[in-house]
Every structure is written in C-alpha cells, then in structure tokens.
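This is what each chain is made of:
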Number of protein chains: 2
Amino acid sequence: MGATIKDIARETGLGLATISSYLNGRNVREKNRIKIEAAIEKLHFEVNETARGLKTNRTRTIGILIPELNNVFCAEIISEAEDILRQKGYATILCDCRTDPAREREAIAFLLRRRADGLMVMPTGENGEILKAFLRRKRPVVVLDRKIRGLDADCVLVDNEDAAKKAVDRFRAAGHTKIGLITGPQDIYTAAARRRGFQAAMADAGLEVSDSMVVCGDYTIQGGARAMHKLREEEPEITAVLVANYEMTVGAMIEINESGLRIPQEMSVIGFDNLEFAKAIAPRLSIITQPTREIAREAVDLLLKRLSGDAGRPTQTVVLPTDYVEGKSVGVRAEEVRTGLSNRKLRRG
Amino acid sequence: MGATIKDIARETGLGLATISSYLNGRNVREKNRIKIEAAIEKLHFEVNETARGLKTNRTRTIGILIPELNNVFCAEIISEAEDILRQKGYATILCDCRTDPAREREAIAFLLRRRADGLMVMPTGENGEILKAFLRRKRPVVVLDRKIRGLDADCVLVDNEDAAKKAVDRFRAAGHTKIGLITGPQDIYTAAARRRGFQAAMADAGLEVSDSMVVCGDYTIQGGARAMHKLREEEPEITAVLVANYEMTVGAMIEINESGLRIPQEMSVIGFDNLEFAKAIAPRLSIITQPTREIAREAVDLLLKRLSGDAGRPTQTVVLPTDYVEGKSVGVRAEEVRTGLSNRKLRRG
DNA sequence: TTGAAAGCGCTAACAT
DNA sequence: ATGTTAGCGCTTTCAA
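Residues numbered from 1 in each chain as written. Chains lettered and ligands numbered in written order. Predicted model: local features only at pLDDT ≥ 70, side-chain atom pairs only at ≥ 80, totals over all residues. Heavy atoms only, no water.

(A) Fine view of the sheet that holds strand S12 (residues 323-325) of chain B. Residues and elements named next belong to chain B. Pairing within the open sheet is mixed, and its six strands lie in the order S7-S6-S8-S9-S10-S12. Strands with a single pairing partner mark the edges of an open sheet, and in this sheet they are strand S7 (214-216) and S12. Put simply, the sheet's adjacent strands are angled 15° from each other on average, direction ignored. Here strand S6 (residues 179-183) pairs with strand S8 (residues 240-243) via four bridges, running parallel. Paired with isoleucine 182 across the bridge in S8 is valine 243. Strand contacts of helix H11 (residues 246-258): S6, S8 and strand S9 (268-272), with the helix running at about 150° to S9, the strand carrying the most contacts. (Pairing = 2+ DSSP bridges. Helix = DSSP H or I, 4+ residues; strand = E, 2+ residues; numbered from the N terminus. Axes fitted to C-alpha atoms, helices over the stretch in contact; angles between N-to-C directions. Contact = heavy atoms within 4.5 Å.)

Pasting the structure below:
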C-alpha cells in the first residue's frame, strides 16, 4: 500500500503534527520542510483524502445533480463548474438522473451517504422536498436554472421572461403577428417563465395568443419535432416560432426540413442556446443564448461562500441576462413591413 | 451531526458487528433486523461512505478523465457510464482537462489522493506515463477511444479504419474521385487511425491522395471551419469530404454555408457522430456514428471486472463497429455515374 | 449470529 | 514549532 504520514514521521524523525502542519500549509522549520519533502518524494507519499474527510467531516466534494448530461446547456455549466471546483480542491461527483424523479431522489441519498459538502442541482420538477434532506444536514444547495417555492436555497437563473420578450419583439419588428411558442413542461420553472414572458410580450403588443399557439414539449429533440408538427397542424397561419431550448430547436428544425418548409420565407424561427449549432444551419439561425459560464461561476461562488463560514446569510437569487444573436432565420412579412430591416419579399405563410 | 452505527447499537442494545453485518447484507436475526431498521428510521442514520472507504481502502469511486465535456461523443459516454456505475454503488468523479496535458497530469494526482478505485480515461496525447501512476498503485485503468503503446491497460475502441473506409466507399459509389479528409491531430489515436483508413481505402480504389487533401484540424468547431477553408483553397478540385468528428463537422458546415457552397450539388459531405445534428441540417447529413453507449458499457464492465478480483487477467482491447447513416449530403457525380444510386444531375464542383 | 476490541490515516487539541 | 494522544465512523478479526 501507499505510504502514510506515519511513514513520513518515521523517515524524518519528526512527529505527526509536524507532517500534518506541513501538509496543511502551516509553518514548518525550513530544514524540516526539506526533510519532509525528501521523504514524501522517496516514499511516494500522497495524502489520503478519505482519511482527511473522515477526520474533518468535510469531504471537499460537491455533488452536481442534473436532469440530462446530453443537454448542451447542462454540459456547459458542468464543464465550467467542475473546472473551478477542482482548482479549489473540490471533487465533483456527477449524477445524471435522466429527468427521473425517482433517480433524483436516490441520487440525493447517494450524495448524502458520500457526505458531499454541497450540492448544485437542476431539479426535475417543482418539488423541493427531496432537496430539503440536504439542507437539514446543514449542507448548502444551489439551485440552477430553477426557482423552487418553499425551498430556502441560493438560486442562479437567467431572465427567462425577458428572453421570450426579446424574441417576440424581434418577430414584431419584422412584421409578424401570428407567432407560436414551443416551450417545455410547465412544471419546469424556466419553461413556465418563458411562456409567461411570451404571453406578456404578445399582450403588450396587442397580439392575440390562442391556446394552440403555445405548445409544451418535453425539452427533447423528439418532443421539439412533435411540437412543431402539432403547431403547424393546429395553427397553419403562424409565420414565426420561438423554440425555448436547444434540443427542441433541433427537433423543430428536423420537422421543418422534413416538411419542406423554407426558412425564413415560409417560417421565421428563433431558437435557443447553442450558438455553434445556429451557425452551422443554413440559413443561419437567430437564437437566444444563455450565459452558461457565468451561471456556473455564480453557482460555485455561492456554494463556496456558504462552505466557508457565512452559512447564516440569507439565501439569494442571482438573475443573469440572456442575449439575442441575429442570424438569418427571421424574415420580414411583406404585408406589414414598416422598416427597411430586410429587403426580401416573402410569400404568405 | 448525523447518527452513527454506535447510536444504532445503543438504540437497539446490539453490538457494532451486528449493525455492520446488517448494513453489508449479511445475515441478522429477524427480530434484530426489525429493531435495527426501526432505529435507522428513527435516528435518520445514513452510512458514512467516507469512514467505510478509509477502513476498507476502497472508495467505490471511479474517476472519469476526458479532454472535453463539451464534446458530444464524450458526454454520451460519460452519461451512460455514470448511470451504470451509480446503479452499482460507484460514484463518478468527473475531470475535464480541457485537452491540456498539464491539467490531465494534475487530475490524475487529484484522483490518486482521492483514492479513486479505478479510472476511465480518454487521454489527450500518446504519452501513457502519467497513467502508469495509477497502474503502479494497482488501480485499474480503462482507456477509451485510444490505444497507447507501452501502457498495459484495457481499451475500448471503435474500428476507425473501417469507419473511414465506409465513407470512402460511399463516395466512390457516387462517382467521386477527388475526396478530401478533415481529421484530428495525429498524436490522437483515433485521428491517425481514421487517416490511415482513409488512405488505405483510397489506395485500394486506385485513387490518389495528395498531402493537401488531408487536413488535420484540432477536433474543435473553429478548427473544422479552418480546415474546410484550407482544403477548398488548396484543393479546389475536391468534390467530397469526410469530416472525422462531430465538432469539426459543425465547423465545416459553418464554413460551407458561409462560402455559399451548396450541398450536395457542389460538395458532398460525410460527417461524424451526432445523428440528431445530422437530421436537423438541410439537406440531411450522411454520417458515421459511433456506439457510445456500448463503449461506455464495455468500459464499465472491464473496470468492474478488474475491481472484483481477476486483476491478473491479461489486458484486453474491445473493438466496436461504427455505422454509416445515409442522409442527403452525398451527391452523384454525373460524369462517372455507373449505378442508379441517385438521379440528380450535378454541376462540376 | 453476535459482542468486544483494534485500527484504517488523518487532524486537532494540548503540552512542551 | 513540534511531539503526544485521542478519536472521526466504520469493518473485521477473534471469541463466545
């Protein structure tokens, strides 16, 4: 087996406390430091973080619990969060619950047994009860991209209402009045918020939104394709559509392409999240992007702050702005052109 | 703090060994079992895996070390591996080294301090020295999607040569003779293997491959766009191109769209990896897909087998097949049509 | 099957 | 600054 601090103590003739002091960055006499470092080198010593964790009751481990790793929005956040965490000495235990509340519950118990110091979570639903188990044990929780009523935890969100409004405003400026929305399940905070923002913006503009102009998909590719199909069937008058996450944007594009519909001549589209994807499409897709790196940074920051003392501070919610990135997927509707935004003639959708 | 087995022992009047036996699924008298379960419930007891890990010298933790989480191929493998591992009681510590050998080295040390039982790794380069630190400590390593000379570890690969050959054969069947390849850095096993397969298939077909018909990108989106640009500049005669990973496929598509080149009339394309992306593009992209879920399953399987005893068994390499999925991005070259594969007339590229 | 006791590798008093 | 000692929560002999 590997060497322990006892071996280092014996090798150097020093006491355990000295070795421990050295390992924890406290002051050690210069000549002892040299001896210790030589012994560590010689014996290939490596701190046993497990033993340390048992003693200190802090594992320097953070659980990240998400609904789906194969979701670029999640993956980008995790990638950034893990990077920062590891630099600070924290390990990231990943738990992908596949949008399954049962697995989510099991993962929480799993992380609790592992004594994860804290949790970053993008919950599957609105039920915060499962997460309270963490809070009860005085372990901080940061909720990503959701807000859960009755759960006293820090949150990091984007301004979803505003994101939807930006899209609606862009469509309106191009003369669209029959605008559809494909959003996610209404028990997911972001999906509901984007719907609210959409409806508010439409109302502000004096535009009507019938029930069938809003379709709730399931945030998957297949769901996006189905939603697009349904929207076109029930509301053939629609000339523009906002799709409220990346996976459904891909699905909607598949459906649009398969039905032979031309963008932007017959349908204007604003998608979500993945800039690179948007650029790879022809014509280039206009999209709403979310600041995934900032979300991760804020979340890690909140978590580490709680971990380093100020656990009593009231919980806070950080709201970050989204961006609209112009592509070529929003066409001007000839009948209502007022500005010179585009000069292409459009066929009635 | 939380309850310990001592608390359970006191509460039930039983000894520690009995509680431990219960927790580890060994036989306990029925009435004691009931008492123990009641006490666990009452005191909200949860096994402390940290203590267990210290005692048993097995943390039930697997490190997954990858070059980039924002790479769908990696993300899909991790997602599946993590799922299986957690079901078996193993935690997954994720380390994304951002294709940086220094971070990769640091991550290995990190996982060693954490006493990860095993490692699944997609190395950045060909140097296996870093990984040997793991092997020296008798901890199993499974190398994903790479083969590293001089490293005695299990591997899971796909048949990259054959993948390239499939693409070349498909292009040839459509009459293409000037075929380009955009592959990755040559110190990455898969990239080199795809190149070899490409060149072998071209040679078999009696087709010439000049140096500038093969461009080595860096497996990123930007790199794919640059590579496509370079290819077109240096080899304007090319009528077909194989792009050997997903990110570069996206990049190549961006470049193609920006240059106004039409697919498949002016350029035939076969991409890699992401089926959903391929379907969302118009015209739908033909691609080579890799069996990410099987890769993950094989890798986990190899790792767990080593962990459960048969550590002495010679290392093995599992090679999985790829698939070619037909889209509409391969056009027939009129001049050389021999079969009736397509009936579209094509303009000379 | 169960109980008592030792000890995994480390940190943190406390004493020097 | 350093040495001594106890103990974190668990598993695992060894006896009974």
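Now that the structure is up, let's keep going.
(B) Quick look at the UniProt feature "domain: HTH lacI-type" (unreviewed entry) in chain A. UniProt records the feature "domain: HTH lacI-type" (unreviewed entry) for residues 3-56 of chain A in the present numbering. Helix makes up 70% of residues 3-56 of chain A and strand makes up 0%, while its end C-alpha atoms are separated by 20 Å. (UniProt positions renumbered as here; feature names shortened; annotations may be inferred.)

(C) Fine view of the side chain of Thr61(B). Residue position: Thr61(B) is located in strand S1 (residues 61-66). The class for Thr61(B) is buried, based on a relative accessible area of 7%. A polar contact of 3.1 Å, which involves the side chain of Thr61(B), links it to the backbone oxygen of Thr59(B). Every residue in contact with Thr61(B), bar those within four places of it in the chain, is listed here: Arg114(A), Tyr90(B), Ala91(B), Ile93(B), Ala116(B), Asp117(B) and Gly118(B). (Buried < 20%, exposed > 50% of the residue type's maximum accessible area, 1.4 Å probe, protein only. Polar contact = N/O pair within 3.5 Å; in protein donor to acceptor, adjacent residues only side chain to side chain.)

(D) Seen up close, the domain arrangement of chain A. Residues and elements named next belong to chain A. Per the domain assignment, the segments of chain A are domain 1 (5-47), domain 2 (59-158 + 292-319) and domain 3 (160-290 + 325-340). Its C-alpha centre places domain 2 at a distance of 30 Å from the equivalent point of domain 3. The interface is formed by 13 residues belonging to domain 2 together with 12 residues belonging to domain 3. Buried area between domain 2 and domain 3, summed over both chains or domains, comes out near 1,100 Å², and the portion from carbon and sulfur atoms is 51%. Summed over the shared surface of domain 2 and domain 3, the result is zero salt bridges. The interface formed by domain 2 and domain 3 contains four residue pairs in polar contact (both at pLDDT 80 or more). Among the secondary structure elements, those contributing two or more residues to the side of domain 2 that touches domain 3 are helix H5 (72-87) and strand S5 (154-158). (Domains from an automatic or database assignment. Buried area = accessible area lost by both parts, 1.4 Å probe. Salt bridge = Lys/Arg side-chain N within 4 Å of Asp/Glu carboxyl O.)

(E) A look at the interface of chain B and chain A. On the chain A side, the residues contacting the 59 residues of chain B number 59 residues. For the chain B and chain A pair, buried surface summed over both sides reaches about 5,000 Å², with 50% attributable to carbon and sulfur atoms. With a closest N to O distance of 2.9 Å, Arg103(A) and Asp83(B) form a salt bridge. Mapped by element, the contributors of at least two residues to the side of chain B that touches chain A are helix H4 (49-56), helix H5 (72-87), strand S2 (91-96), helix H6 (101-113), helix H10 (221-234), H11 and helix H12 (275-280) of chain B. Per-element tally for the side of chain B that touches chain A: the top contributor is H5(B), with eight residues. Among the residues forming the side of chain B that touches chain A, the class breakdown is 25 nonpolar, 13 polar and 21 charged. (Nonpolar A, V, L, I, M, F, W, Y, C, P; charged D, E, K, R; others polar.)

(F) Representation of the relation of the copies chain B and chain A within the structure. Between the two copies, chain B and chain A, the superposition gives an RMSD of 0.0 Å; the rotation angle is 180° and the shift along the axis is 0.0 Å. The two molecules are tied by a two-fold rotation axis, judged by turn and shift. Relative to the rotation axis, the C-alpha of Ile93(B) is the closest in chain B, positioned 2.3 Å from it. (Least-squares fit on C-alpha atoms with pLDDT ≥ 70 in both.)

(G) View of the pairing of strand S11 (residues 317-320) of chain B. Residue and element names in this part refer to chain B. With burial as the criterion, only one face of S11 is covered, namely that bearing Val318 and Leu320; the residues Thr317 and Val319 on the opposite face remain uncovered. Direction of pairing for strand S5 (residues 154-158) relative to S11: parallel, over a ladder of four bridges. Each residue of the ladder has a partner; that of cysteine 155, found in S11, is threonine 317.

(H) Geometry of the protein's contact with DNA strand C. Looking at DNA strand C, there are 26 residues lining it, with Ile5(A), Arg52(A), Gly15(B), Thr18(B) and Asn32(B) nearest. Counting only atoms of DNA strand C within 4 Å of the protein, the fraction found in sugar and phosphate groups is 73%. In the environment of DNA strand C, a phosphate oxygen lies 3.0 Å from a nitrogen or oxygen atom belonging to the backbone of Arg29(B). Where the surface near DNA strand C is concerned, the elements lending two or more residues are helix H1 (5-12), helix H2 (16-23) and helix H4 (49-56) of chain A together with helix H2 (16-23) and H4 of chain B. When the residues that make up the surface near DNA strand C are grouped by side-chain class, the tally is nine nonpolar, 10 polar and seven charged. (Near = heavy atom within 4 Å.)

(I) Highlighting unusual backbone geometry. The omega torsion across Ile263(A) and Pro264(A) is 0°, close enough to zero to call that bond cis. Inspection of the secondary structure puts Pro264(A) in the loop between helix H11 (246-259) and strand S9 (268-272). Its identity is not glycine, yet His44(A) carries a phi of approximately 55°, on the positive side. Mapped onto the fold, His44(A) is located in the loop between helix H3 (30-43) and H4. Under the relative-accessibility criterion, His44(A) is labelled exposed at 56%. Backbone geometry at Asn57(B) places phi at a positive 60°, although glycine is not the residue there.

(J) Local environment of the protein's contact with DNA strand D. Residues in close proximity to DNA strand D total 27 residues, the closest being Gly15(A), Thr18(A), Asn32(A), Ile5(B) and Arg52(B). For DNA strand D, the fraction of protein-proximal atoms (within 4 Å) that sit in sugar or phosphate groups is 69%. Arg29(A) is positioned such that a nitrogen or oxygen atom in its backbone is 2.9 Å from a phosphate oxygen of DNA strand D. Residue Ser20(B) places a side-chain N or O atom 3.0 Å away from a phosphate oxygen belonging to DNA strand D. Counting only elements with at least two residues in the surface near DNA strand D, the list comes to H2 and H4 of chain A together with helix H1 (5-12), H2 and H4 of chain B. Tallying contributions element by element places H4(B) first for the surface near DNA strand D, with four residues. Counted by class, the surface near DNA strand D contains 10 nonpolar, 10 polar and seven charged residues.

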